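Secondary and tertiary structure notes
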Amino acid sequence: MTDQQHAVDTTLVTGGVDTHKDTHTAAALDHLGRCLGTRTFPATTAGYTALLAWLGGFGVVTGVGVEGTGSYGAGLARHLAAEDVTVVEVNQPDRHTRRRTGKTDAQDAINAARAVLSGQAGTTPKAGTGPAAAISALRTALNGAVKSRTAALNQLDALIVTAPAALRETLTPLTGTTLITTCARLRPGTDLTDPRTAVKTALRRLARRIQHLTDEITDTKTELATLTRQALPATTALFGVGPDTAAQLLTTAGDNPHRISTEARFAHLCGAAPIHASSGRTTRHRLNRGGDRHANAALYRIAIVRMRHCPSTRAYVERRTTEGLPKRHIIRCLKRYIAREIHQALIADLANLTHTP
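Since the model is a prediction, treat every value here as computed from it, not as a measurement.

**Describing the packing of aromatic side chains**
- If you walk through the whole model with that rule in mind, you get 2 aromatic pairs.
- Ring geometry for W54 and F58: centres 5.1 Å apart, planes at 90°, overall edge-to-face.
- Grouping aromatic residues by their ring pairs yields a cluster made of F41, W54 and F58.

**Observations regarding the packing of helix α6 (residues 131–161) against helix α8 (residues 176–184)**
- Where α6 contacts α8, the axes come no closer than 12 Å and their chain directions differ by 75°. It follows that α6 is roughly perpendicular to α8 by the angle criterion. Every residue of α8 that contacts α6 at L153, L156, D157 and I160 is listed here: L179, I180 and C183.
- Its residues assigned to classes, the contact of α6 with α8 shows 6 nonpolar, no polar and 1 charged.

**What about helix α3 (residues 74–82)?**
- Inspection of α3 places A74, L76, A77, H79 and L80 among the buried residues, and these make up the whole buried set.
- Each element contacted by the buried residues of α3 is listed here: β1 (12–19), β2 (23–29), α2 (45–56), β4 (60–67) and β5 (87–90).
- Residue D84 follows α3 closely and has a positive phi angle near 60°.

**Section: the nonpolar core**
- One finds L249, L250, F266, L299, I342 and L346 to be the most contacted residues of the largest nonpolar core, which totals 39 residues.
- Those elements giving two or more residues to this core turn out to be α6, α9 (195–231), α11 (243–253), α12 (263–269), α13 (293–309) and α15 (327–355).
- No other element matches α15, which puts 9 residues into this core.
- Beyond its immediate chain neighbours, meaning those up to four positions away, L346 contacts L232, T235, L249, L250, A253 and F266.
- Ranked by size, the runner-up nonpolar core spans 17 residues in total, among them V13, L51, L76 and A77.

**So, the sheet that holds β1**
- Taken together, the 5 strands give an open sheet; going across it, the order is β3-β2-β1-β4-β5, and neighbouring strands pair in mixed fashion. Only two strands of the sheet have a single neighbouring strand rather than two, namely β3 (35–42) and β5. Strand-to-strand twist across the sheet, computed as the mean angle between neighbouring axes with direction ignored, equals 25°.
- Sheet topology places β1 next to β4; 6 bridges connect them, and they run parallel. In the strand pairing of β4, G15 is matched with V64.
- Running at roughly 170° to β3, α2 makes contact with β1, β2, β3 and β4 of the sheet.

**Section: unusual backbone geometry**
- Although it is not a glycine, D84 adopts a positive phi angle of roughly 60°.
- Relative to the assigned elements, D84 resides in the loop between α3 and β5.
- Among the residues examined, D84 registers a relative accessible area of 73% and is labelled exposed.

**What about α11?**
- Counting buried positions over the 11 residues of α11 gives 9, a clear majority of the element.
- Considered for burial, the residues of α11 that qualify are T245, A246, A247, Q248, L249, L250, T251, T252 and A253.
- G254 sits one or two residues past α11 and shows a positive phi near 90°.

**Observations regarding the pairing of β3**
- Where β2 lies against β3, 7 bridges are found, and the strand directions are antiparallel. By the bridge assignment for β3, A26 is matched with R39.
- Between the antiparallel neighbours β2 and β3 lie 5 residues, among them G33 with a positive phi of about 90°.

**Overview of the confidence of the model for the protein**
- Overall, the predicted model of the protein reaches an average pLDDT of 86, with 92% of residues at or above 70.
- Mean pLDDT per element in the protein: helix α1 (residues 3–10) is the minimum at 54, and helix α14 (residues 311–322) is the maximum at 94.

**So, the pattern of salt bridges**
- With the rule as written, the count across this model stands at 8 salt bridges.
- A salt bridge links R34 to D30; its shortest N-O distance comes to 2.6 Å.
- Residue D244 pairs with R301 through a salt bridge whose shortest N-O separation is 3.7 Å. Within this pair, whereas D244 is found in helix α11, its partner R301 is found in helix α13, the two being separated by 57 residues in sequence.
- Under the relative-accessibility criterion, D244 is labelled partly exposed at 44%.
- By relative accessible area, R301 is classed as partly exposed at 37%.
- Beyond isolated ion pairs, a larger network of salt bridges with shared partners links R139, D244 and R301.

**A short note on the side chain of T197**
- Residue placement: T197 occurs in helix α9.
- Overall, the relative accessible area of 7% leaves T197 in the buried class.
- In terms of polar contacts, T197 uses its side chain to reach the backbone carbonyl oxygen of P188, at 3.4 Å.
- Other than its neighbours up to four places away in sequence, T197 contacts P188, G189, T190, D191 and L192.

Parameters at a glance
Residues numbered from 1 in each chain as written. Predicted model: local features only at pLDDT ≥ 70, side-chain atom pairs only at ≥ 80, totals over all residues. Heavy atoms only, no water. Phe/Tyr/Trp six-rings, centres within 6.5 Å; stacked < 30°, edge-to-face > 60°. Axes fitted to C-alpha atoms, helices over the stretch in contact; angles between N-to-C directions. Helix = DSSP H or I, 4+ residues; strand = E, 2+ residues; numbered from the N terminus. Parallel < 35°, antiparallel > 145°, perpendicular 65-115°, else oblique. Contact = heavy atoms within 4.5 Å. Nonpolar A, V, L, I, M, F, W, Y, C, P; charged D, E, K, R; others polar. Buried < 20%, exposed > 50% of the residue type's maximum accessible area, 1.4 Å probe, protein only. Core = buried A, V, L, I, M, F, W, Y, C linked by side-chain atoms within 4.5 Å. Pairing = 2+ DSSP bridges. pLDDT = per-residue confidence, 0-100. Salt bridge = Lys/Arg side-chain N within 4 Å of Asp/Glu carboxyl O. Polar contact = N/O pair within 3.5 Å; in protein donor to acceptor, adjacent residues only side chain to side chain.

What follows is the structure in structure tokens.
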């Protein structure tokens, strides 16, 4: 072995990848932050293999920073994790950095690698190989169906308001399922040049679309509830935690429990950890407005349910109110406690899923 080959074998390499739909641009840095090279690879399984082999050609790969691990970089992140490579989730560089260094795919890949090398980026991406990924996929379909049904309902109401008088007077007193069923059974006729016929046709199509979307939403909710209770028995057994909130919290946490190894990390992930706001003689904490806002909203819903129906929580609220603590800070304290409780249950559920044959 020559001295040059030995140097390559012992070089510690940090990779960075700027991901796109069709191609990924990779950069390799040594332990001093010097760029060893950049190259673009196709966003395919063969491309992922070639990218990792290219990085390994410079030395020992200690870690790879990947942008967009929840979108374009998801496939690459899973491939690297399967090859026992440490993958770090990297955010896009801030505007100041981009103004100073420029914007190219190669430069973004270098910035991703430097973020990992400096320790600025250290978040483990979601594994995407367990029930969290399955629940996330179903929730995507559910949210899309709910939004589409809401849009169709709004369009239906707007058409009724501007419909011909006789039709409007017939449909205005109706509400809910009765209105949708009546509109779905309309017989508009064939003369679409008549506004009354065209409005009836549009109302019937919108109503049938709403019925179809309602069936889709019902089926998806049933599937989600079954999957969530099966995957998270300990979490869904907690007071005030239903399938929807449990599904959201698992989606935020991911399938790999080491992402949330401590309750403090999980609280920060959910935006429920108190933030220091002390200055001078004042020592206090403020609400945390960071983290996953959907997970924070799930914790909020659990807190509201407990404030209304849980005796111990109601007693706590009364005591802290007597002490002069504002309601928003009481809810913040409750969300932090709930995050601690949820974290313990999630870890137990994920551990059981990992050990299930």
